[in-house]
Amino acid sequence: MPLSHARRSALSEQVIAALRNQISSGEWPVGSRIPTEPELVEQLGVARNTVREAVRALAHNGLLDIRQGSGTYVVATSELAGVMHRRFADADPRHIAELRSTLESSAARLAAERRTERDLKQLDALLLRREEAWESGEAEAFVTADATFHMAVVAASHNEVMTAMYADLGEVLRDWLREDVGDDLTPENHMDHTRLVDAIRAGDTEAAASEAAGYPFLCLPGRLHTGNRRGGDGSGAGDGTPGGEEGPVTARG
């Protein structure tokens, strides 16, 4: 729908708000290419310069990435997410794993206390989607499905601050998982998350927290300073984190 005409600065702000809404609503998901400049001009009913100014502003704020000869891509869902992505893009993988473990463990504990029937249905559906994505062999589809599942676990905590913070870290965590997964979706590398959902459903706060805390440390050999191998019962850790005896592993998620 064409935007109403106003003074240039106000109109530019309207365009920025419209583009930001397309991103935050998921209409333009992270990783997607947004419509071309001529297409946006036609859709919004504004001048080319106004569109260009808005796109550059969102690129400056970290939501968009302008790639010469390729197009403009969504790289974050909010300004804060963009800042987080830039700030932690080169962070130590172990520090990212520790952050994931801390946030997801706390969220899973709360989810086991507060989950609703709607939350459980969502987790069941996303767990199935995650399995299907793995079986498809499409690495990017799996990264998206796994990240969406973990986001749903955090959302089931019904802690709005924790959920918003986790969402803003989303692309940092997806980059971490993307590097971890690579293109090697093989049966021996698969990590099932059924026990986490079962623990949340049963209201078992300790089991939910333990399961969620261990997943980030199950990673590619040598990627962390000290790897952990999950034991048969899914508990125990060689360095104080859940996951079993020390040693490199190749499970993901």
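The preceding data block contains the structure.
Caption draft 1: Representation of the overall build of the chain. Within the chain one finds eleven helices and two strands. Walking the chain from its N terminus toward its C terminus, one meets helices and strands in the order α-α-α-β-β-α-α-α-α-α-α-α-α. Within the chain, the fraction of its 253 residues that count as buried is 46%. Looking at the chain as shown, the accessible area adds up to about 12500 Å², and 51% of this sits on carbon and sulfur atoms.

Caption draft 2: Spotlight on the packing of helix H6 (residues 117–136) against helix H7 (residues 139–155). Running from N to C, H6 and H7 cross one another at 160 degrees; their axes reach a closest spacing of 8 Å. Considered as vectors, H6 and H7 are oriented roughly antiparallel to each other. Seen along the crossing, H6 lies across H7 with a hand that is left-handed. For the pair formed by H6 and H7, the contact residues are Gln-122, Leu-123, Leu-126, Leu-127, Arg-129, Arg-130, Ala-133 and Trp-134 on the first element and Ala-141, Phe-142, Ala-145, Asp-146, Thr-148, Phe-149, Ala-152 and Val-153 on the second. Counted by class, the contact of H6 with H7 contains eleven nonpolar, two polar and three charged residues.

Caption draft 3: Looking closely at the pairing of strand E2 (residues 71–74). Examined bridge by bridge, strand E1 (residues 64–67) and E2 share four bridges and lie antiparallel to one another. When the sheet's bridge partners are listed, Leu-64 is paired in E2 with Val-74. Adjacent in sequence and paired antiparallel, E1 and E2 are bridged by three residues, among which Gly-69 carries a positive phi angle near 80 degrees.

Thresholds, definitions, all that
- Residues numbered from 1 in each chain as written.
- Predicted model: local features only at pLDDT ≥ 70, side-chain atom pairs only at ≥ 80, totals over all residues.
- Heavy atoms only, no water.
- Helix = DSSP H or I, 4+ residues; strand = E, 2+ residues; numbered from the N terminus.
- Buried < 20%, exposed > 50% of the residue type's maximum accessible area, 1.4 Å probe, protein only.
- Areas by Shrake-Rupley, 256 points an atom, 1.4 Å probe, with all protein chains shown as cover.
- Axes fitted to C-alpha atoms, helices over the stretch in contact; angles between N-to-C directions.
- Parallel < 35°, antiparallel > 145°, perpendicular 65-115°, else oblique.
- Left-handed = near helix turned anticlockwise from the far one by under 90°.
- Contact = heavy atoms within 4.5 Å.
- Nonpolar A, V, L, I, M, F, W, Y, C, P; charged D, E, K, R; others polar.
- Pairing = 2+ DSSP bridges.

Functional significance is not addressed by these values, which are geometric in nature.
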